[in-house]
Number of protein chains: 2
Amino acid sequence: MPASAKANSKRPRRARGSINPADIVTGAFEFCRTTPVDEMTMPQLAAFLNVGVTSIYWYFKSKRELLDAMTDEALVSFYESMPPLRSQGWEDMLREFFVSFYTLLAADPLKCDLIVRRIGHQADEGAMRSWNRAEQLLTALADAGFPPSLARHAFFTLSIYTQGFLLVERTGRVSGAISSPPAGGSADLVAADAAAAPRGTQPAAGSAAPEDFEFGITNIIAGLRQLRPSEERAGAA
Amino acid sequence: MPASAKANSKRPRRARGSINPADIVTGAFEFCRTTPVDEMTMPQLAAFLNVGVTSIYWYFKSKRELLDAMTDEALVSFYESMPPLRSQGWEDMLREFFVSFYTLLAADPLKCDLIVRRIGHQADEGAMRSWNRAEQLLTALADAGFPPSLARHAFFTLSIYTQGFLLVERTGRVSGAISSPPAGGSADLVAADAAAAPRGTQPAAGSAAPEDFEFGITNIIAGLRQLRPSEERAGAA
DNA sequence: ACCTGAACACCGTTCAAGT
DNA sequence: ACCTGAACACCGTTCAAGT
């Protein structure tokens, strides 16, 4: 090939039906295997997909809309990959569910960013669909004697805790927060250390996270055990 | 004044000592009384402060550094505005502390954005300083028979829950999540509704938040009561 | 109908002055 | 030493074509 083919690109024009929304979203996910979503750029994505930037706007009328589509897909895939509940007792079911919840998202920064960190951008049309596992849980709680409102609160509390943990972990503020007494004896609730881990790469998931996460779950479930109406006279009436 | 003084601005050059980091940070806070931080722009801020954009870069070598400074100040001001603890028992102390925590940040979107939503950008030099209230709490827990590691976990769990709640609330995903049974009986953990509230303005803090928040605190504290080593033989040895 | 480059109004940041 | 406009390489988005 000639040595100095200056600006040799001029990508050929693509055929009429050669792109579609699904491909774009899929491509965006692939692109984000390399780059954090927050850094994904329309021109960059277009180059990656080998289309003109403006072509993307034919299918998504804004970047936000594209991110919404990605979030929808992330949610569906997330729900699908939640393993079915094996446990029988309500306590184990709750624990199992939220440990799966946490594990899945902690292992997938992109999904975590889309699902937990992204802001209330949408009504999550796609969310309601594949969402029956929660029902299962609520039912189990009802069977165990929890009144509906208490059951929902329980579910909500665990969900908030899980999301909070993922958030704080993802922002790298969690590494030695619990395990290591800060020598002088000082603790900090929002920014315990964040100095230990290297900062260049992905926040790098603080050290002892999984056990620390499970403690909170244990704690909340213990509380629910206590908050549950006593069962002695539950069967009657 | 003449009708068509086209581009009449040409702001006069400022004196040599007329800006300083403190003023810039203060100005930025003032600017954000009007605009969400995420939308604050260096040119906009400069215009608001009546300085050249580049002047800001003399004191802060990047926008990130400026935001860090803002976060530091937000943290200090946050700690200072935490009312002193009145309660005596460990349970009430914990509740009081985290309710204050929540109330303060829920009422101040800017501080919430800087402290909770911003990412692990720094070691929070300024945080460790005014941070003795947590000590107080840890001590109270120790006095109540909690081993140090358990006390820290307790504190951490409550803190994570609080931050998670603020996050989810700030992103507008919380409004009717608990109070209203979704008719069909479906619940969603990440995006319960988000469709009810108007979306244009600030996420508008979902309806029944405070009670919902306190439920989780009650729940976690109840769990701690159960997790605490039994006191019967605590005074001995 | 679908794909596209050029262009617009912005951004964060740097440079090379001005005082 | 401090303050500054012009300029740079980007961004998201729109426009006016091209096919």
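Per chain, the residues get numbers from 1 upward, laid out in the order the sequence is written. In the order they appear in the text, chains get letters beginning with A and ligands get numbers beginning with 1. Local features are withheld for residues below a pLDDT of 70 in this predicted model, meaning they are given only at 70 or higher, and side-chain atom pairs are given and counted only at 80 or more; totals for whole chains, interfaces and linings count all residues. Where side-chain values are given, they derive from all heavy atoms of the structure, hydrogens and water being excluded.

What follows is about the overall build of chain A. Scanning chain A for helices and strands turns up 10 helices and 0 strands. Going along the chain from the N terminus, every DSSP run of H or I of four or more residues is numbered as a helix, and every run of E of two or more is numbered as a strand. Helices and strands in chain A line up, N terminus first, as α-α-α-α-α-α-α-α-α-α. Should any heavy atoms of two residues lie within 4.5 Å, those residues are considered in contact. Across chain A, every contact between residues at least 6 apart in sequence was considered, and the portion connecting residues at least 24 apart equals 74%.

What follows concerns the protein's contact with DNA strand D. Being near a molecule or strand, for a residue, comes down to having at least one heavy atom within 4 Å of it. Contacts to DNA strand D come from 25 residues, most closely from A:R13, A:T54, A:K63, B:R16 and B:T54. Among atoms of DNA strand D positioned within 4 Å of the protein, sugar and phosphate together represent 59%. For the purposes of these results, a polar contact is taken to be a pair of N or O atoms within 3.5 Å, where, inside protein, one atom must be able to donate a hydrogen and its partner to accept one; residues adjacent in sequence count only when each atom of the pair is a side-chain atom. Within the contact set of DNA strand D, a phosphate oxygen lies 3.3 Å away from a side-chain nitrogen or oxygen of A:T41. For DNA strand D, a phosphate oxygen lies 2.8 Å from a polar atom in the side chain of B:S55. Sorting the residues of the surface near DNA strand D by element identifies α2 (42–49) and α3 (53–59) of chain A together with α3 (53–59) of chain B as the ones contributing at least two each. By residue number, the principal contributor to the surface near DNA strand D is α3(B), which donates 4 residues.

A few words on the protein's contact with DNA strand C. Taken together, 25 residues form the shell around DNA strand C, and within it A:R16, A:T54, B:R13, B:T54 and B:K63 come nearest. One nitrogen or oxygen atom from the side chain of B:Y57 is found 2.9 Å from a phosphate oxygen belonging to DNA strand C. Residue assignment for the surface near DNA strand C shows that the elements contributing at least two residues are α3 of chain A together with α2 (42–49) and α3 of chain B. The residue makeup of the surface near DNA strand C, split by class, is 10 nonpolar, 9 polar and 6 charged. Each residue is assigned to one of three groups, with Ala, Val, Leu, Ile, Met, Phe, Trp, Tyr, Cys and Pro labelled nonpolar, Asp, Glu, Lys and Arg labelled charged, and all others, Gly among them, labelled polar.

A common way to state how big an interface is: give the accessible area lost once the parts meet. Residue and element names in this part refer to chain A. What the domain assignment lists for chain A is domain 1 (3–61) and domain 2 (85–236). Listed as interface residues are 5 residues of domain 1 and, on the opposing side, 5 residues of domain 2. Simply put, the buried area is the total loss of 1.4 Å probe accessible area from both parts when two parts are fitted together. Counting each side, the surface lost to burial between domain 1 and domain 2 is near 420 Å², with a carbon and sulfur contribution of 72%. Salt bridges, as used here, are contacts in which a Lys or Arg side-chain nitrogen is within 4 Å of a carboxyl oxygen on Asp or Glu. Close ionic contact of R117 with D38 constitutes a salt bridge, the shortest N to O distance being 3.8 Å. Between the two partners, domain 1 and domain 2, sit 0 residue pairs in polar contact (both at pLDDT 80 or more). Class assignment for the residues of the side of domain 1 that touches domain 2 results in 4 nonpolar, no polar and 1 charged. Where each domain starts and ends follows an automatic or database-derived domain assignment.

Turning our attention to the packing of helix α9 (residues 148–170) of chain A against helix α10 (residues 209–227) of chain B. Geometry is summarised by axes, namely lines fitted to C-alpha atoms with helices restricted to the contacting stretch, and by angles between N-to-C directions that run from 0 to 180 degrees. Viewed as axis vectors pointing N to C, α9(A) and α10(B) meet at an angle of 80°, and their least axial separation amounts to 10 Å. Judged by the inter-axis angle, α9(A) sits roughly perpendicular to α10(B). Where α9(A) approaches α10(B), its residues A:L150, A:H153, A:A154 and A:T157 are matched on the opposing element by B:D212, B:F215, B:G216 and B:N219. When describing relative orientation, an angle under 35 degrees is termed roughly parallel and one over 145 degrees roughly antiparallel, while 65 to 115 degrees is termed roughly perpendicular and anything else oblique.

This part is about unusual backbone geometry. Residues and elements named next belong to chain A. Its identity is not glycine, yet N50 carries a phi of approximately 60°, on the positive side. Mapped onto the elements of the fold, N50 is located in the loop between α2 and α3. Of the residues examined, N50 reaches a relative accessible area of 41% and is grouped as partly exposed. Exposure classes here rest on a 1.4 Å probe applied to the protein chains alone. A residue is buried below 20% of its type maximum, exposed above 50%, and partly exposed in between.

Right, let's get into the packing of aromatic side chains. When two rings of Phe, Tyr or Trp (its six-membered ring) have centres within 6.5 Å they constitute a pair, described as stacked for plane angles under 30 degrees, edge-to-face for angles over 60, and tilted for the intermediate range. Under the criterion given, the structure shown has 28 aromatic pairs over all chains. A ring pair is formed by A:F78 and A:F101, whose centres lie 5.4 Å apart and whose planes are at 50°; its orientation type is tilted. Of the two residues, A:F78 sits in helix α4 (residues 63–81) while A:F101 sits in helix α5 (residues 90–106), which places them 23 residues apart along the sequence. For the pair formed by A:F78 and A:F101, the shared burial category is buried. A ring pair is formed by A:F156 and B:F165, whose centres lie 5.9 Å apart and whose planes are at 90°; its orientation type is edge-to-face.

A word on the pattern of salt bridges. In this structure the tally under the stated criterion is 18 salt bridges over all chains. Its salt-bridge partner being A:E65, residue A:K61 comes within 3.1 Å of it at the nearest N-O pair. A relative accessible area of 67% means that A:K61 is categorised as exposed. In this structure A:E65 comes out as partly exposed when scored by relative accessible area, which is 28%. Put simply, B:R225 and B:E91 hold a salt bridge, and the shortest N to O gap is 2.4 Å. Placement of the pair is B:R225 in helix α10 and B:E91 in helix α5 (residues 90–106), with a sequence separation of 134 residues.

Time to look at the environment of A:W58. Its location among the elements puts A:W58 in helix α3. Spatially, the C-alpha atoms of A:W58 and A:F213 are 43 Å apart, while their sequence positions differ by 155 residues.

What follows is about the packing of helix α1 (residues 21–31) of chain A against α2(A). All names here are of chain A. Between α1 and α2, the shortest axis-to-axis distance is 10 Å and the interhelical angle comes to 105°. In terms of orientation, α1 and α2 fall into the roughly perpendicular class. Across from D23, I24, G27, A28, E30 and F31 in α1, the residues of α2 making contact are Q44, L45, F48 and L49. Residue composition of the contact of α1 with α2, grouped by class: 6 nonpolar, 2 polar and 2 charged.

By secondary structure assignment, the location of A:R117 is in helix α6 (residues 109–117). For A:R117, the side chain forms a polar contact with the side chain of A:D113, separated by 3.2 Å.

Further remarks concern helix α4 (residues 63–81) of chain B. With 19 residues, α4(B) extends 27 Å between its outermost C-alpha atoms, agreeing within 8% with the 27 Å of an ideal straight helix rising 1.5 Å per residue. Along α4(B), the residues that are buried comprise B:L66, B:L67, B:D68, B:M70, B:T71, B:A74, B:L75, B:F78 and B:Y79. Take the number of residues in a helix, subtract one, and multiply by 1.5 Å to get its expected span.

A few words now on the state of the cysteines. Residues and elements named next belong to chain A. By convention in this document, the label disulfide applies to cysteine sulfur atom pairs within 2.5 Å. Taken as a whole, this structure holds 0 disulfides over all chains when the rule is applied. C112 takes part in no disulfide bond, and the closest cysteine sulfur to it belongs to C32, at a distance of 14 Å. What makes C112 buried here is its relative accessible area of 1%.

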